[in-house]
Amino acid sequence: MDALTNTLAISCALVVVLCAWKMVNMVWLRPKKLEKILKNQGFNGNNYKLLFGDMKEMSMMFQHSKSKSKNINIDDGDEVLSHVVPFPNHSKQKHGRNYIQWIGWKPRLHIMDPHLIKDIFTKIYEFQKPKLNPFVKLIATGMLAYDGDKWAKHRKLLNPAFHVEKLKNMVPAFHLSCSEMLGKWEKLVSTNGSCELDVWPHLQTLTGDVISRTAFGSSYEEGIKTFELIKEQSVLAMEAMQSLYIPGFRYLPTKRNRRMNAIDREVNRSVRSIIDNRLKAMKVGEGNYHDMLGIMLESNIKEIEQHQNKTCGMTINEVIEECKLLYVAGHETTSSLIVWTMILLSRHQEWQSRAREEVLNVFGDKDINVDGLNHLKVVTMIFYEVLRLYPPVLELSRKVDKDITLGGFSLPSGIEIGLPIMLIHYDEQLWGNDAKKFNPCRFSEGISKATKNQVIYFPFGWGPRICIGQNFALLEAKIVLANILQRFSFEFSPSYMHAPTHVLILQPQFGVHLILHKL
Ligand code: HEM
């Protein structure tokens, strides 16, 4: 009996020592080892601080810049940059262009060299996506989070939904949502010919509505209710992510966690029921195949039939995840693009006039059509420049899972790579002295001329994993802006405060109060 007790006690002690050792290794020895390897190769950054790394300083800087309810000088690129990405901007100034940032005990090496960036984007099997925060997992997994063969399969199955020809079929949905918003604006200006309005919530509703219509088409009414829930989920997830992440916290029965679980169950149930109904309709030859869900299901069925193998397609749960992802990835990113465009065109009235002149030359007061959109050169230049200065996604990340070389550097397994989109887009070494100025002319001969074929401009990512929805987003943004320019002119209201802030995407912290004038 004594021997058994002794063995048990020794085993327990061994387990405790082993766990303690693992813990010490994870939060101290390993980070220090990685730090040494990186610093020996000339990469600089703050010294690693136990557990939190740079998180406290990052969070303090972010909260400080967010709490200043001041008007950022829209013409001062340095002020904008240090307000939106205070920590990365400070790190670049202090430690150089390729700097280390500690995300807790993980070092993230930020890379600003275009050749290295190109390699990282191209070698998708070596540089994969880091593990998602469990709160983000609730709103967006799907293809965005997958790697390797699973990603390739999903990308292949979703690609048909984004072909130019399929997008053309979605244009009526863009128009419908747009005319609903503009109808409201026309009512508001009907008495005086002008009105003051915070356009930000209107644009958010518009892009949410567009994605519900284009994703679920005939099941739009059910889709929109589901997307309302996903929107609530995103807000809760953002709140949760802004507090310090404690592993396992997500599973405690707090009020927020319980609500998030309930939403998750409800969204999955409702998307599943939409899919089930659609599959039944497709079996008997009914149903609308022009929406994303229809196209996705059709390409899934074809793939399974062609290979006579179910594993070549997606499971229903995977289709549900992709539907949720389309909403999250395609909603506020696009409203962000449109709203920053309206802001910059309010500041640069000469560009607003040039864009309107072009729209009126192409369409007059007739309906906007896809063929005409291809002739909107000035509008396209403006969108590219807005995406350069106010990219909805500010940084991309990848992980290094095994020791690897990149350029002449040896990158150890266990680090992350950060690609700081906004810092790169504002960099004078890469873009010239006017890098921080709004100048759509730089795109007058397209993106490759402006970037001299370097990978220094990637608002939609780059390489095989480039945003699948970029044509969708640009088409939608062009239709919306052309419709607005045909009917209204706009300028800042005196109450407008320029305060770009980063909450998952780049958004205006205090809304966007503009004065609309009916033309
Ligand atoms: C202005 C609007 C948009 C911006 C700025 C944007 C930006 C991005 C970026 C930067 C990535 C690459 C992420 C990475 O490499 O880690 C991405 C991926 C993705 N985006 Fe977008 N996006 C926009 C609109 C959309 C729309 C409208 C949809 C769908 C309706 C969409 C769906 C996706 C998906 C599914 C991926 C994952 C692609 C993959 O991993 O293969 N996005 N987006």
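Here is what the cut-offs are and how they apply
- Residues numbered from 1 in each chain as written.
- Predicted model: local features only at pLDDT ≥ 70, side-chain atom pairs only at ≥ 80, totals over all residues.
- Helix = DSSP H or I, 4+ residues; strand = E, 2+ residues; numbered from the N terminus.
- Core = buried A, V, L, I, M, F, W, Y, C linked by C-beta atoms within 7 Å.
- Buried ≥ 20, exposed ≤ 12 C-beta atoms within 10 Å, placed from the backbone.
- Contact = placed C-beta atoms within 7 Å.
- Axes fitted to C-alpha atoms, helices over the stretch in contact; angles between N-to-C directions.
- Left-handed = near helix turned anticlockwise from the far one by under 90°.
- Nonpolar A, V, L, I, M, F, W, Y, C, P; charged D, E, K, R; others polar.
- Near = placed C-beta within 6 Å.
- pLDDT = per-residue confidence, 0-100.
- Pairing = 2+ DSSP bridges.

Visitor: Report on the environment of Ser 444, specifying residues and quantitative values.
Guide: Counting through the fold element by element, Ser 444 comes out in the loop between α20 (428–431) and α21 (447–451). Linking Ser 444 and Trp 340, residues 104 residues apart in sequence, is a C-alpha distance of 20 Å.

Visitor: An account of the nonpolar core is needed here, citing residue identities and associated values.
Guide: If you look at the biggest cluster of nonpolar residues, it comprises 122 residues, and the most contacted ones within it are Met 296, Val 339 and Met 342. The element contributing the most residues to this core is helix α22 (residues 470–487), with 11 residues. Setting aside residues up to four positions removed in sequence, Met 296 forms contacts with Leu 157, Leu 158, Ala 161, Val 319 and Glu 322.

Visitor: Residue-level account of the packing of helix α10 (residues 199–216) against helix α15 (residues 332–347), with values.
Guide: Put simply, α10 and α15 touch, their axes get as near as 9 Å, and they point 145 degrees apart. Once α10 is placed against α15, the crossing between them reads as right-handed. Contacts between α10 and α15 involve Val 199, Trp 200, Leu 203, Gln 204, Leu 206 and Thr 207 from the first element and Glu 332, Thr 334, Ser 335, Ile 338, Val 339 and Met 342 from the second. For the contact of α10 with α15, the per-class residue count stands at 7 nonpolar, 4 polar and 1 charged.

Visitor: Please give an account of the site of the ligand that cites residues and values.
Guide: In the vicinity of the ligand there are 22 residues, among which Gly 330, Thr 333, Gly 461, Cys 467 and Gly 469 approach most closely. Elements with a minimum of two residues in the shell around the ligand: α7 (142–145), α14 (316–330), α15 and α22. A breakdown of the residues in the shell around the ligand according to their chemical character gives 15 nonpolar, 5 polar and 2 charged.

Visitor: Could you give me a rundown of the confidence of the model for the protein, with the residues and numbers involved?
Guide: Considering every residue of the protein, the mean pLDDT works out to 92; 98% of them sit at 70 or more. Our summary of model confidence lists the complex with pTM equal to 0.95 and ipTM equal to 0.99.

Visitor: Break down the sheet that holds strand β4 (residues 127–128) for me, citing the residues and quoting the values.
Guide: On the basis of which strands lie adjacent, the open sheet formed by 6 strands has the order β1-β2-β3-β9-β6-β4 and mixed pairing. Of all strands in the sheet, those bounded by a partner on one side alone are β1 (44–45) and β4. Of the strands in this sheet, β1, β2 (99–103) and β3 (106–110) touch helix α4 (residues 86–95), which is tilted by about 140 degrees from β2.

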